[in-house]
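Chains, contacts and geometry: an overview
So the chains spell out like this:
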Amino acid sequence: MHKLFWFFCGMLVWPTFGQDPMTDGAIKELKHLVSKNAQDIQSIQSDFTQYKHLDFLSNDIVTHGKMWFKTPDRVKWQYTEPYTYTLIFSGDRMHIEDQGKKSSVDMGASKQFQKLNELIVNSVRGDMFGMSDFEVSFMAYPEYYEATFRPKDKKIAHYIASFVLSFDRTTGMVQEVKMIEPSSDYTRIVFTNRSINGDIPDAIFDQ
Amino acid sequence: MVTSRTLFLISSLLIFVWSCAPSRTKGLTPQQPMGELWNPYFSDAAKDYVYQVQMTYKTHNFGGILAIKKIGTNVHRIVCTGGIGNTLFDLELKADNAKFNQILAVLDRKPIRKLLVQDFTVLTQENPRPTRSYLQKNNDIFEVNPKQGKLLYFMKANTLDKIERYHWGKMEASYQFRSPNGIQASKIEVLHPKKGLSLTLTALD
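Report on the accompanying structure. None of the values given here were measured: they were computed from a predicted structure.

So, about the overall build of chain A. In terms of helices and strands, chain A carries four helices and twelve strands. Considering chain A as a whole, with its 207 residues, one finds that 45% of them fall into the buried category. Of all intrachain contacts in chain A linking residues separated by at least 6 positions in sequence, the fraction that spans at least 24 positions is 43%. Accessible surface, chain A as shown: approximately 11000 Å² in total, 53% of it carbon and sulfur.

With that out of the way, let us pick up the pattern of salt bridges. Close approach of charged atoms lets side chains of opposite charge pair. All told, the structure shown has 15 salt bridges over all chains when counted by the stated rule. The residue Lys52(A) makes a salt bridge to Glu181(A) at a minimum N-O spacing of 2.7 Å. Residue Lys52(A) is found in strand β2 (residues 43–53), and its partner Glu181(A) is found in the loop between β11 (174–180) and β12 (186–196); the two are separated by 129 residues along the sequence. The exposure classification of Lys52(A) matches that of Glu181(A), with both residues buried. In this structure, the salt-bridge partner of Arg165(B) is Glu172(B), at a minimum N-O distance of 3.0 Å. A residue is classified by how much of its surface remains accessible, and Arg165(B), at 6% relative accessible area, is buried. Look at Glu172(B) and you get buried, because its relative accessible area is 19%. Residues joined in a network through salt bridges with shared partners are Lys70(A), Arg74(A) and Asp202(A).

With 28 residues of chain B in contact, the opposing surface of chain A contributes 34 residues. Here chain B packs against chain A, burying approximately 2600 Å² in sum over the two surfaces, 58% of which is carbon and sulfur. The interface formed by chain B and chain A contains eight residue pairs in polar contact (both at pLDDT 80 or more). With eight residues, the single largest contributor to the side of chain B that touches chain A is strand β3 (residues 60–72) of chain B.

Right, let's get into the sheet that holds β11(A). All names here are of chain A. Read from one edge of the open sheet, twelve strands run β1-β8-β9-β10-β11-β12-β2-β3-β4-β5-β6-β7, paired in antiparallel fashion. The strands lining the two open edges of the sheet, one partner per strand, are β1 (20–21) and β7 (101–106). By the bridge criterion, six bridges tie strand β6 (residues 93–98) to β7 in an arrangement that is antiparallel. Note that in β7 the partner of Glu97 across the bridge is Lys102. Packed onto the sheet, helix α2 (residues 24–40) meets β8 (134–140), β9 (144–151) and β10 (162–168) and runs at close to 110° relative to β8.

Bringing helix α2 (residues 110–124) of chain B into the picture now. The end-to-end C-alpha separation of α2(B) is 21 Å, in line with the 21 Å expected for 15 residues at 1.5 Å each. Looking only at α2(B), the buried set comprises Leu115(B), Leu116(B), Gln118(B), Asp119(B), Phe120(B), Val122(B), Leu123(B) and Thr124(B).

The rules behind these values
- Along each chain, residues carry numbers from 1 onward, in the same order as the chain's sequence is written.
- Lettering for chains starts from A, numbering for ligands starts from 1, and both go in the order in which the items are written.
- Side-chain atom pairs in this predicted model are given and counted only at pLDDT of 80 or more, local residue features only at pLDDT of at least 70, and totals for whole chains, interfaces and linings cover all residues.
- With hydrogens and water stripped out, all remaining heavy atoms of the structure feed into the side-chain values.
- Elements are defined by DSSP. Helices are runs of H or I of four residues or more, strands are runs of E of two residues or more, and each kind is numbered from the N terminus.
- A 1.4 Å probe rolled over the protein chains alone gives each residue an accessible area, and that area as a share of the maximum for its type sets the label: buried under 20%, exposed over 50%, partly exposed in between.
- Any two residues having at least one pair of non-hydrogen atoms within 4.5 Å are treated as being in contact.
- Only the protein chains shown count as cover for residues, and the accessible areas themselves come from Shrake-Rupley with a 1.4 Å probe.
- Salt bridge criterion: a side-chain nitrogen from Lys or Arg within 4 Å of a carboxyl oxygen from Asp or Glu.
- The term buried area refers to how much accessible surface (probe radius 1.4 Å) is lost by two components on association, counted for both of them together.
- Contacts described as polar in this section are N or O atom pairs within 3.5 Å, which, within protein, must combine one atom able to donate a hydrogen with one able to accept it, while residues neighboring in sequence count only if both atoms come from side chains.
- In this scheme, strands are said to pair when DSSP sees at least two bridges between them.
- Lines are fitted to the C-alpha atoms to define the axes, a helix being fitted only along its stretch in contact, and any angle between axes, read from their N-to-C directions, falls within 0 to 180 degrees.
- Multiplying one less than the number of residues by 1.5 Å gives the expected span of a helix.

Remember that the coordinates give geometry; whether it matters functionally is a separate question.
Rendered as structure tokens:
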């Protein structure tokens, strides 16, 4: 009986082991670091791995590629494996290149796309704390801080349950972006080989 | 007593019905088919079917990923995601029921929903029962009559090669399969010639 009691106690404690809510001081410090980064960062170049998790599939769908960001609002996602596909967000437009075929979408016509673009640009820099239409909660892990942004607007909440950003505890840089959908399916993007403020020619964002 | 007017109406109706038959089978001799057909391409419940999608609508091109899985007897789950992984639609298809768990607002239109349900019903239906068959030089053609329209299944060497969907005798959509092993489709091309819409699915595994 004793063993069973301690087993259940262990089960209750186990899922939260290694994670703690952040203190007010740590939250303030992280926000300051992220805000400073956002001001200092003019460009980012990084490799990424994207994991698309769908509950009904046995395995996540894994894709790899490169990402470029340049202030104020240009982002390029170039998928290289297992297929080639490029998305360029520039102002109100989204350009697509799919195996040589090019097209362009005016995101100004769709508030949904516009919001998604704003979220993507801000999440790449980590600078989402200024977005008043999200409720934010924080957790501290031994290796990183985690901020979860839940939309207040029901229309946005209809297609995004939350955005979860993982920050390096020392640099305040975004390591991972996780976009969780209302169904609990999610897209997780992990950044590696990041280069900050390197020279990125404007031609990278040409369509 | 049958009047000449009634005869004229009956013969006109027969001519009209005959003219609605798919032109692909005109001139071929129909035969009584044996048993059911087998569409193997989404039939393995243990397998994740993952495809890259390239969609062309008139002058626009879009891309994404399509995941299909058989989640029960005659039940398939179909999810299409956009470039950065956002779900465009999430459809659950049963034998005589279709339910969208999620669909992006810009796609949430009755004609688009109908088209998606029609296309994926055709692609995932495993054992259609033909009412007629026709022998050709390179193909065996099987005619299946679901509730709406008419389907022609083209079999090459006992492998499903193509499906065509007809409405009032006119082809509305075609589904061409490329399969090196006859079990899994490495490429599927869906064409809606009247709508200027085409989809190319390329297997990612």
